[in-house]
Amino acid sequence: SRMSAVVALDGLLASRRLWRGQPAAQAAPDAIPTGWDALDAVLPGGGWPSGALSEILLPVDGVGELRLVWPALARLSQDEGIVAVVAPPDRAYAPAWQAAGLRPDAVQIIDATPRDALWAAEQCLRAGACNAVLCWPQKADERALRRLQVAAETGRTPGFAFRPANAAVNPSPAPLRIAIETTPHRLRVLKCRGALVPPAPIAFPTTTHG
């Protein structure tokens with residue numbers, strides 16, 4: 001329910017209240033290295049956009065989408081960093097987060113209905129109290145995504161939105177859109193503001209490096 005999402009958000013923001021004013025005082029970095037050399041090489045600034053929404057399009061859940069973002073999240077969660085995970089499709093992911101280098105207390109999972117999940121993700125992004133926000137907006141229209149993008153800019157927080165591959169036919173306000181393909185396993189950059197879209201797909205290896 002909306003109430004459970006509100007309670008979870010209030011607890012998260014209250015625990016960050018002393019810290020949350022700091023990001024605005026710091027110059028936001030241009031990009032966050034993805035941990036994937038071939039991807040960094042084609043992205044503006046050499047990584048995920050900071051203070052913006054990145055959209056990751058999937059044929060089905062569980063095709064390596066978390067593995068794609070884990071290296072950046074491990075970097076963002078260092079020290080006191082918090083990663084908000086809003087209404088993930090599978091709670092069984094949890095043990096793998098620690099294996100990927102994130103502190104157990106760094107990952108804050110917020111349960112919400114699909115309708116409330118968009119609202120919760122927007123609040124997390126806008127508050128600037130988290131180092132990254134992950135969400136799975138299944139049926140979000142362009143207006144809803146624009147709210148997420150504006151919230152990410154306001155809170156200077158990187159957001160990662162995992163969406164179905166068929167959403168690629170619709171426009172998106174996200175500065176970066178990447179599709180994961182499975183036959184063969186590779187990445188295709190569909191949109192990257194500030195650079196040309198690479199014409200060729202990028203191999204998506206099974207292990208990280210760098």
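Predicted model only: the values in this text are computed from it and were never measured. (Residues numbered from 1 in each chain as written. Predicted model: local features only at pLDDT ≥ 70, side-chain atom pairs only at ≥ 80, totals over all residues. Heavy atoms only, no water.)

Caption draft 1: Expanded view of the sheet that holds strand β10 (residues 202-203). A sheet is described by the order of its strands in space; here eight strands give the open sequence β5-β4-β6-β7-β3-β8-β9-β10, paired in mixed fashion. The two strands at the open ends of the sheet, each matched to only one other strand, are β5 (107-110) and β10. Across three bridges, the pairing between strand β4 (residues 83-86) and strand β6 (residues 132-135) is parallel. In the sheet register, V83 faces β6, and the bridge partner there is A132. (Pairing = 2+ DSSP bridges. Helix = DSSP H or I, 4+ residues; strand = E, 2+ residues; numbered from the N terminus.)

Caption draft 2: Focus on the pairing of β6. Residues A132 and L134 of β6 are buried on one face, and the alternating residues V133 and C135, pointing to the opposite face, are buried as well. Here three bridges tie β6 to strand β7 (residues 159-164), and the two strands are oriented parallel to one another. Each bridged residue has a counterpart across the sheet, and for V133 the counterpart in β7 is G159. Note that the unit made of β6, helix α7 (residues 142-155) and β7 has a crossover that is right-handed. (Buried < 20%, exposed > 50% of the residue type's maximum accessible area, 1.4 Å probe, protein only. Right-handed = clockwise from strand over helix to strand, strands pointing away.)

Caption draft 3: Quick look at unusual backbone geometry. Here the residue pair T183 and P184 is connected by a cis peptide bond, since its omega of 0 degrees sits within 30 degrees of zero. You can see P184 is positioned in the loop between β8 (176-182) and β9 (185-192). Even without being glycine, A87 reaches a positive phi, approximately 50 degrees. Mapped onto the elements, A87 comes out in the loop between β4 and α5 (94-99).

Caption draft 4: Molecular detail of the packing of aromatic side chains. The full count for this structure, using the stated rule, is four aromatic pairs. On the numbers, 5.8 Å between centres and 75 degrees between planes, the contact of W70 with W97 is edge-to-face. Here W70 is found in helix α4 (residues 65-76), whereas its partner W97 is found in helix α5, with 27 residues between them in sequence. We note that W70, like W97, is buried. Measuring from centroid to centroid gives 5.0 Å for W136 and F162, while their planes differ by 25 degrees, and the two rings are stacked. Of this pair, W136 sits in the loop between β6 and α7 while F162 sits in strand β7, and the two are 26 residues apart along the sequence. No difference in accessibility class separates W136 from F162, as the two residues are buried. Taking the ring centre of F204 as reference, the NZ or CZ of R67 above it sits at 4.4 Å. (Phe/Tyr/Trp six-rings, centres within 6.5 Å; stacked < 30°, edge-to-face > 60°. Lys NZ or Arg CZ within 6 Å of the ring centre and 35° of its normal.)

Caption draft 5: Seen up close, the side chain of Q149. Checked against the element boundaries, Q149 lands in helix α7. At 2.7 Å, the side chain of Q149 forms a polar contact with the side chain of E153. Those residues in contact with Q149 that lie beyond four places of it in its chain are A52, L53, P173, P175 and R193. (Polar contact = N/O pair within 3.5 Å; in protein donor to acceptor, adjacent residues only side chain to side chain. Contact = heavy atoms within 4.5 Å.)

None of the figures reported here should be taken as evidence of function without further support.
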